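One-letter residues, chain by chain:
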Amino acid sequence: MAWHWIFGSLCVILAMMGNPKHQSLEEWLAARRKAMVREQIAARGITDERVLAAMEKVPRHRFLPKHLWEEAYDDGPLPIGYGQTISQPYIVAYMTEQLALTGEEKVLEIGTGSGYQTAILAELAKEVFSIEIVPELGHRAARILKELGYTNVHVRIGDGYRGWPEEAPFDAILIAAAPDHIPQPLIDQLKEGGRMILPVGDYYQDLVLIRKTAEGIVKESKIPVRFVPMRGEAEQSHPTDKR
Ligand code: SAH
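Residues numbered from 1 in each chain as written. Predicted model: local features only at pLDDT ≥ 70, side-chain atom pairs only at ≥ 80, totals over all residues. Heavy atoms only, no water.

## Quick look at the packing of aromatic side chains
Operational definition: The criterion for an aromatic pair is that two Phe, Tyr or Trp rings (for Trp, the six-membered ring) have centres within 6.5 Å, with stacked assigned to planes under 30 degrees apart, edge-to-face to planes over 60 apart and tilted to the rest. Only DSSP runs of H or I with at least four residues qualify as helices, and only runs of E with at least two residues qualify as strands; both kinds are numbered from the N terminus onward. Classification of residues uses two cut-offs on accessible area relative to the type maximum, computed with a 1.4 Å probe and protein chains only: under 20% is buried, over 50% is exposed, and between them is partly exposed.
This structure, assessed with the given rule, holds five aromatic pairs. Between Tyr90 and Tyr94, the aromatic rings sit 6.0 Å apart at their centres with planes inclined by 55 degrees, giving tilted as the arrangement. Of the two residues, Tyr90 and Tyr94 are both situated in helix H4 (residues 89-98); the distance of four residues between them amounts to about one turn of the helix. Just as Tyr90 is buried, Tyr94 falls in that class too.

Below, the structure is given as structure tokens:
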């Protein structure tokens, strides 16, 4: 009898040590998100306080199917269906920081995917226009963004190669799928003083930052990356645009 009592008490004590605060799932995920910002993002050199705050606020797990929630704050991309992936958190933070957003901007995003990067942009800019070529992904992302209360996001289904001319020009453009050349229509839709960040290349890709200045276009290769290819018109050859 005494043995049972001692054994039972030990089990309860051990279980409490494993989860000292009796956290709910949401609390556990928020703690994981905080650790993600500290260990994967700030530790690798992202310093923009607004970017760090947005990464800590946006619930990345909500953009994933439930069975992947526990992995939502891991250091990598994850599958979202239709052969596509949600980008690695660090890359989302890196690309966002490169746009140097202050809160006043009109932003164009190509490749809505899960909608996670869209939410980060919506936290940091005035308005976000996002284009997704896979209808099911675009509709799902739009629904989740609405559920989370974002009213400054507009999602359109289609090929983003030619941008969103009715809303141009944009202060910033972020492309989340890799073309093998820089799409000229998107450069044309960038405001003077504006910034565009995109992966460029086939198997080996570079993250390229483009700044449109009064003197012309300034291109800067940043880091090697691996994104899904940009579909649609980007796959046809545009020899004059080749780097
Ligand atoms: N930042 C997104 C990444 C999604 S992956 C996230 O974190 O979830 C890139 C997305 O670009 C995919 O959903 C793919 O379907 C989309 N895509 C590819 N080519 C496209 C094109 N030409 N126009 C619009 N979207 C495109």
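## Remarks on the confidence of the model for the protein
Threshold: Across the chain, each position has a pLDDT score giving the predictor's confidence in that residue, from 0 to 100. Residue contacts are counted whenever heavy atoms from the two residues lie within 4.5 Å of one another.
For the protein, per-residue confidence averages 92 on the pLDDT scale, and 88% of positions sit at 70 or higher. Across the protein, the secondary-structure element scoring lowest on mean pLDDT is helix H1 (residues 2-18), at 50, and the one scoring highest is strand S3 (residues 106-110), at 99. Taken as a whole, residues 11-16 scores under 50 in pLDDT and shows one contact with residues more than four places along the chain or in a different chain.

## Remarks on the nonpolar core
Here is the rule: In these notes, a set of buried Ala, Val, Leu, Ile, Met, Phe, Trp, Tyr and Cys residues joined through side-chain atoms within 4.5 Å is what counts as a nonpolar core.
Counting residues in each nonpolar core, the largest one holds 51 residues, and the members touching the most others are Met55 and Tyr116. Elements with a minimum of two residues in this core: helix H2 (25-42), helix H3 (49-57), strand S1 (78-81), H4, helix H5 (116-124), helix H6 (135-147), strand S6 (170-175) and strand S8 (205-213). For Met55, the contacting residues outside a window of four places in its chain are Arg33, Met36, Val37, Ile41, Pro89, Val92, Ala93, Tyr116 and Ile120. Phe129, Phe170, Ile182 and Ile187 belong to the second-largest nonpolar core, a separate cluster that totals 21 residues.

## So, the sheet that holds S8
Put simply, the rule reads: In this scheme, strands are said to pair when DSSP sees at least two bridges between them. Structural elements are reduced to axes, namely lines fitted to C-alpha atoms, with helices fitted over the stretch in contact, and the angle between N-to-C directions of any two is expressed from 0 to 180 degrees.
Reading across the sheet, the seven strands line up as S5-S4-S3-S6-S7-S8-S9 and stay open at both edges, with mixed pairing between neighbours. Each edge of the open sheet carries a strand with a single partner, namely strand S5 (153-157) and strand S9 (216-225). Across the sheet, the mean angle from the axis of one strand to that of its neighbour is 15 degrees, orientation sign disregarded. As judged from the four bridges shared by S6 and strand S7 (residues 190-201), these two strands associate in the parallel manner. In the sheet register, Ala172 faces S7, and the bridge partner there is Arg195. Strands in contact with H4 are S6, S7, S8 and S9; relative to S9, the strand with the most contacts, it is inclined by about 165 degrees. Docked against the sheet, H6 engages strand S4 (127-132) and S5, running at close to 165 degrees with respect to S5.

## Things to note about the pairing of S7
Note: S7 against S8, seven bridges, orientation antiparallel. Across the sheet, Met196 pairs through a bridge with Ile210, a residue of S8. Between the antiparallel neighbours S7 and S8 lie three residues.

## Some remarks on H5
By the criterion of burial, H5 is predominantly enclosed, with eight of the nine residues buried. Residues Tyr116, Gln117, Thr118, Ala119, Ile120, Leu121, Ala122 and Leu124 constitute the buried set of H5.

## Some points on the pattern of salt bridges
The following threshold applies: Counted as salt bridges are all cases of a side-chain nitrogen of Lys or Arg within 4 Å of a carboxyl oxygen of Asp or Glu.
If you walk through the whole model with that rule in mind, you get 14 salt bridges. The closest approach of N and O atoms between Glu56 and Lys34, which form a salt bridge, is 3.6 Å. Taken together, the positions of Glu56 in helix H3 and Lys34 in helix H2 put the pair 22 residues apart, joining distant regions of the chain. Since its relative accessible area comes to 34%, Glu56 is described here as partly exposed. Lys222 serves as the salt-bridge partner of Glu220, at 2.8 Å between the closest nitrogen and oxygen. With a relative accessible area of 30%, Glu220 lands in the partly exposed category. Here the residues in one salt-bridge network are Arg62, Arg143 and Glu147, joined through shared partners.

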